[in-house]
Amino acid sequence: GIQVEQSPPDLILQEGANSTLRCNFSDSVNNLQWFHQNPWGQLINLFYIPSGTKQNGRLSATTVATERYSLLYISSSQTTDSGVYFCAVRMNTGFQKLVFGTGTRLLVSP
Amino acid sequence: ETGVTQSPTHLIKTRGQQVTLRCSSQSGHNTVSWYQQALGQGPQFIFQYYREEENGRGNFPPRFSGLQFPNYSSELNVNALELDDSALYLCASSLGFHTGELFFGEGSRLTVL
């Protein structure tokens, strides 16, 4: 099956710093989503980005589908950005199976 | 617009028991899927329901079963609970059978003793 790898696995930042999270996937996909999982477990949608670039406030994402990777940029990080960031992809299987990456655990300290 | 809601939020069961988890999809969404997230791991796809039928399944045994109702809400049933079933169970809804963005509920945290 498709493999989804995220890097780095862990990241510690000072408040105000910028960071880039990477997601590599091993096969063609027709959906890619980035999520932030808060300490209570809820997956919060950040981006639905099968290709191209999107921005939402301090966050932006770029997916290069032909090269099978996606990047999530966090600028001017805040303590509330702490948590686990997941990339998830869907192949053209005909149903809504998302395959999640291994996650990046981010800790932003004041 | 109402988001995806799940109940109960937490529950404790013992080995061999059965559990039912419930999910109400986001307003207008007709497809529901369920995921299991063990501690420290990413969510794993269990199955998907569309038009009240299961139409996609991950690598989970038959004791994991589900239902979808005419109002698109859904249930996940797990029989003969095992210790390894302890996990966060997440429900997701989407508009469409195989396209579009998925939105997740807050999850039901199951502990099996």
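Data block above holds the structure.
To keep things clear, this report deals only with the structure shown in the data block. Everything numeric here is computed off the predicted structure, so don't read it as measured data.

This part takes up the sheet that holds strand β3 (residues 19-24) of chain B. Residues and elements named next belong to chain B. Pairing in this open sheet of four strands is antiparallel, and the strands run β1-β3-β8-β7 from one edge to the other. Two strands lie at the open edges of the sheet, namely β1 (5-7) and β7 (64-68), each paired on one side alone. Taking each pair of neighbouring strands and ignoring which way they run, the sheet shows an average axis angle of 20 degrees. Pairing of β1 with β3 involves three bridges; the strand directions are antiparallel. Bridging across to β3, Thr5 finds its partner in Ser24.

Our next topic: the state of the cysteines. Going through the model one piece at a time under the given rule, you end up with two disulfides over all chains. A:Cys23 shares a disulfide with A:Cys87; S-S distance 2.0 Å. When the S-S torsion is -50 degrees, as for the bridge of A:Cys23 with A:Cys87, the disulfide is left-handed. Of this pair, A:Cys23 sits in strand β3 (residues 19-25) while A:Cys87 sits in strand β9 (residues 83-90), and the two are 64 residues apart along the sequence. Between the sulfur atoms of B:Cys23 and its disulfide mate B:Cys91 the distance is 1.8 Å. On the sign convention where negative means left-handed, the S-S torsion of about -65 degrees between B:Cys23 and B:Cys91 marks this disulfide as left-handed. Here B:Cys91 lies in strand β9 (residues 87-94) and B:Cys23 lies in strand β3, a separation of 68 residues in the sequence. A single burial state applies to B:Cys23 and to B:Cys91, both of which are buried.

Let us now look at the side chain of A:Ser70. Residue and element names in this part refer to chain A. Along the chain, Ser70 turns up in strand β8 (residues 69-74). Taking relative accessible area as the criterion, Ser70 reaches 0% and is therefore assigned buried. For Ser70, the contacting residues outside a window of four places in its chain are Leu21, Arg22, Cys23, Phe25, Leu32, Trp34, Thr62 and Thr63.

Let us look at the pattern of salt bridges. The tally for this structure, following the rule as stated, stands at five salt bridges over all chains. Among the salt bridges present, the one from A:Asp81 reaches A:Arg58, with a minimum N-O distance of 2.9 Å. Of this pair, A:Asp81 sits in the loop between β8 and β9 while A:Arg58 sits in the loop between β6 (52-56) and β7 (59-64); the two residues are 23 residues apart in sequence, bridging distant segments of the chain. By relative accessible area, A:Asp81 is classed as buried at 7%. The shortest N-O distance in the salt bridge between B:Arg63 and B:Asp85 comes to 2.8 Å. In this pair, B:Arg63 is assigned in the loop between β6 (53-57) and β7 and B:Asp85 in the loop between β8 (74-78) and β9, connecting sequence segments 22 residues apart. In this pair, the class of B:Arg63 matches that of B:Asp85, namely buried. Taken together, the shared-partner salt bridges in this structure form one network comprising B:Arg63, B:Glu82 and B:Asp85.

What counts as what
Residues numbered from 1 in each chain as written. Chains lettered and ligands numbered in written order. Predicted model: local features only at pLDDT ≥ 70, side-chain atom pairs only at ≥ 80, totals over all residues. Heavy atoms only, no water. Pairing = 2+ DSSP bridges. Helix = DSSP H or I, 4+ residues; strand = E, 2+ residues; numbered from the N terminus. Axes fitted to C-alpha atoms, helices over the stretch in contact; angles between N-to-C directions. Disulfide = S-S within 2.5 Å. Buried < 20%, exposed > 50% of the residue type's maximum accessible area, 1.4 Å probe, protein only. Contact = heavy atoms within 4.5 Å. Salt bridge = Lys/Arg side-chain N within 4 Å of Asp/Glu carboxyl O.

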